[in-house]
Structure formats: C-alpha cells, structure tokens
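# Analysis of the macromolecular model
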Amino acid sequence: MTQIPRKELFDERVLLSEKQVQSCVSRMGTRLSKDYDGKFPVLIAVLKGGAVFLIDLIRAMGIPLEIDFMSVSSYGSATSSSGDVKIIHEIRSNIRGRDVVVVEGVVDTGLTLRYVLNYLRSKEPRSLEVCTLLDKEPCRQVEIPLAYVGFKIGRDFVVGYGLDYDEEYRNLPYVAVLEARKPKEK
Ligand code: IMP
Ligand code: MG
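Residues numbered from 1 in each chain as written. Chains lettered and ligands numbered in written order. Predicted model: local features only at pLDDT ≥ 70, side-chain atom pairs only at ≥ 80, totals over all residues. Heavy atoms only, no water.

### Observations regarding the packing of aromatic side chains
The geometry of an aromatic ring pair is captured by the separation of the ring centres together with the interplanar angle, meaning the angle of the planes. The final tally for this structure, using the stated rule, is two aromatic pairs. When the centroid spacing of 5.7 Å and the interplanar angle of 80° are considered together, the rings of Phe 10 and Tyr 165 count as edge-to-face. Taken together, the residues span a long stretch of sequence, with Phe 10 in strand E1 (residues 10-16) and Tyr 165 in the loop between strand E8 (158-159) and strand E9 (175-180) at a distance of 155 residues. Like Phe 10, the residue Tyr 165 is buried in the burial classification. Ring geometry for Phe 157 versus Tyr 165: centroids 6.0 Å apart, planes at 80°, classification edge-to-face. Since its relative accessible area comes to 19%, Tyr 165 is described here as buried. (Phe/Tyr/Trp six-rings, centres within 6.5 Å; stacked < 30°, edge-to-face > 60°. Helix = DSSP H or I, 4+ residues; strand = E, 2+ residues; numbered from the N terminus. Buried < 20%, exposed > 50% of the residue type's maximum accessible area, 1.4 Å probe, protein only.)

Below, the structure written as structure tokens:
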C-alpha cells in the first residue's frame with residue numbers, strides 16, 4: 001500500500017520564518033558563549049526534536065564545548081505527551097561536576113523535561129540549565145525553570161526545525177502550524 005505523505009493532507013502556516021529562527025539561534029549561541037566561557041560545558045540534545053537546534057546552536061558558539069544526546073520515549077498521542085517517560089538512549093559522557101545545558105526543540109507540558117532533568121541531576125552535574133527554542137508556556141503542567149528560551153508561542157501544535165508530526169516535517173527550515181487542507185473549490 002502506498003503511504004500518503006502528510007504533506008498532502010495539511011497546509012502549513014509559517015509561524016517563524018527561517019530567517020527569524022536563524023537570527024534567534026545566533027543570538028542564543030552568543031549568549032551561551034558568554035555565560036559558559038571557560039566552563040567547557042556539555043550540551044545535551046533530547047532526541048529527536050532537539051537535534052536540529054543543537055547542531056545549529058553549537059555552530060553559533062565560539063567556545064570549547066562537548067555535545068551528547070539522549071533519547072526518551074513518551075507514551076501518548078502523536079500530538080501530546082502523557083508524562084509516562086522512558087529513557088531509550090542514555091548519555092555517553094560523564095557529566096559529574098560538569099556544567100550541563102539540556103537542549104530542547106519545544107517545551108509543552110514540561111513532563112518529559114522534568115523526567116530528563118531528574119535523570120541528569122542524579123548524575124551530579126555542577127550546574128544544569130535548559131535551553132529551548134520554543135516555549136509553549138500556556139500548556140505547562142509542571143513548573144520548570146527555563147534559562148534560555150528562543151520564542152514563546154501559544155498552544156498550536158507546530159512542526160519543522162526538528163519537530164515532527166508522526167515523524168514527518170522535521171526537515172523544514174522554518175516552524176509552521178499545520179492546518180487541515182480545505183477541499184478544492186470547483
Ligand atoms: P512535553 O512533555 O509535553 O513538554 O512535550 C515533550 C515532547 O513532545 C517535545 O519534546 C516534543 O517532542 C513533543 N511536542 C510537544 N509539543 C509539540 C509541538 O507543538 N510540535 C511537535 N512536537 C511537540
Ligand atoms: Mg514528536
């Protein structure tokens with residue numbers, strides 16, 4: 001059976017253009033470089049949503065740093081997490097006594113991140129902060145301090161720049177909201 005690409009079913013409404021995203025990432029990289037100068041931080045992306053952001057962000061940073069990745073599964077629907085989180089892929093580096101920055105694409109309910117932070121905290125880093133490109137503040141269910149936020153957005157489900165709907169759309173260089181495609185007028 002041929003799978004119908006989601007692109008056939010939805011229209012994209014651009015929320016943040018590629019230019020807006022890139023200049024924000026560049027500003028955030030500069031700020032992180034200042035804050036972590038001389039600290040040799042470890043930036044940890046939460047896969048898969050944080051991967052695209054991390055890869056651009058580190059190239060906007062002019063200081064020595066390390067990167068690592070972790071992967072969690074969150075049981076829920078394609079568009080919302082249940083908070084029932086499991087670690088699929090652990091970090092490889094030893095972060096004890098290190099300055100750690102968790103890099104996320106979007107923080108929604110905050111349930112996934114709360115789990116991730118507890119896991120990382122148990123490894124006794126010297127400091128632990130969060131850097132997210134998008135903050136869906138109106139959806140937050142648990143309070144989490146976010147040290148670095150690119151854009152505050154509303155409740156809309158967004159895709160692109162690493163974020164998916166059912167694994168599609170991660171490769172868009174901009175952030176968009178999906179809207180059901182209206183039937184063509186005859
Ligand atoms: P949270 O646990 O509700 O904060 O959401 C955790 C994960 O759900 C994020 O890391 C994303 O992978 C995914 N997610 C939440 N909101 C969106 C969205 O608007 N678009 C795409 N993925 C999202
Ligand atoms: Mg997803």
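### A look at the site of ligand 1
Surveying the vicinity of ligand 1 reveals 14 residues, the closest of which are Thr 109, Gly 110, Thr 112, Lys 136 and Val 158. Note that an oxygen atom of ligand 1 is positioned 3.1 Å from one of the side-chain N or O atoms of Glu 104. At 2.5 Å from a nitrogen atom of ligand 1 is found a main-chain nitrogen or oxygen belonging to Val 158. Coverage of ligand 1 by the protein amounts to 88% of the 480 Å² it exposes when considered alone. Mapped onto the shell around ligand 1, the elements with two or more residues apiece are strand E5 (99-107) and helix H3 (111-121). For the shell around ligand 1, the residue count by class is five nonpolar, four polar and five charged. (Near = heavy atom within 4 Å. Polar contact = N/O pair within 3.5 Å; in protein donor to acceptor, adjacent residues only side chain to side chain. Areas by Shrake-Rupley, 256 points an atom, 1.4 Å probe, with all protein chains shown as cover. Nonpolar A, V, L, I, M, F, W, Y, C, P; charged D, E, K, R; others polar.)

### A closer look at the sheet that holds E1
The strand order across the open sheet formed by three strands is E1-E9-E8, and the pairing between neighbours is antiparallel. Two strands bound the open sheet, and with one partner strand each, they are E1 and E8. In this sheet, E9 lies alongside E8 in antiparallel orientation, the contact comprising two bridges. Considered in E9, the bridge of Val 158 is made with Val 177. (Pairing = 2+ DSSP bridges.)

### What about unusual backbone geometry?
Note the cis peptide between Leu 47 and Lys 48, where omega equals -5°. Checked against the element boundaries, Lys 48 lands in the loop between strand E2 (42-47) and helix H2 (51-59). Positive phi is not limited to glycine here, since Tyr 169 has a value of about 80°. Along the chain, Tyr 169 falls in the loop between E8 and E9. In this structure Tyr 169 comes out as buried when scored by relative accessible area, which is 3%.

### Notes on the side chain of Ser 71
Looking at the element boundaries, Ser 71 is found in strand E3 (residues 66-76). Using a relative accessible area of 15% as the deciding quantity, one classes Ser 71 as buried. Apart from residues lying up to four places away in sequence, Ser 71 is in contact with Leu 47, Lys 86, Ile 87, Ile 88 and His 89. (Contact = heavy atoms within 4.5 Å.)

### As for the environment of Leu 128
Within the secondary structure, Leu 128 is located in strand E6 (residues 127-135). The class of Leu 128 is buried, set by a relative accessible area of 19%. Discounting residues that sit within four places of it in the chain, Leu 128 has contacts with Val 100, Val 102, Leu 117, Leu 120 and Arg 121.

### As for the nonpolar core
The biggest cluster of nonpolar side chains holds 27 residues, and the ones touching the most others in it are Leu 32, Phe 53, Leu 57, Cys 131, Leu 133 and Leu 134. Listing elements by their share of this core, those giving two or more residues are helix H1 (18-35), E2, H2, E5, E6, strand E7 (148-152) and E9. A total of five residues in this core trace back to one element, the largest contributor, which is H1. Ignoring any residue separated from it by four or fewer positions in sequence, one finds Leu 57 in contact with Val 25, Met 28, Gly 29, Leu 32, Leu 43, Val 103 and Cys 131. Counting residues in hydrophobic clusters, the runner-up holds 22 residues, among them Val 42, Ile 91, Val 116 and Ile 144. (Core = buried A, V, L, I, M, F, W, Y, C linked by side-chain atoms within 4.5 Å.)

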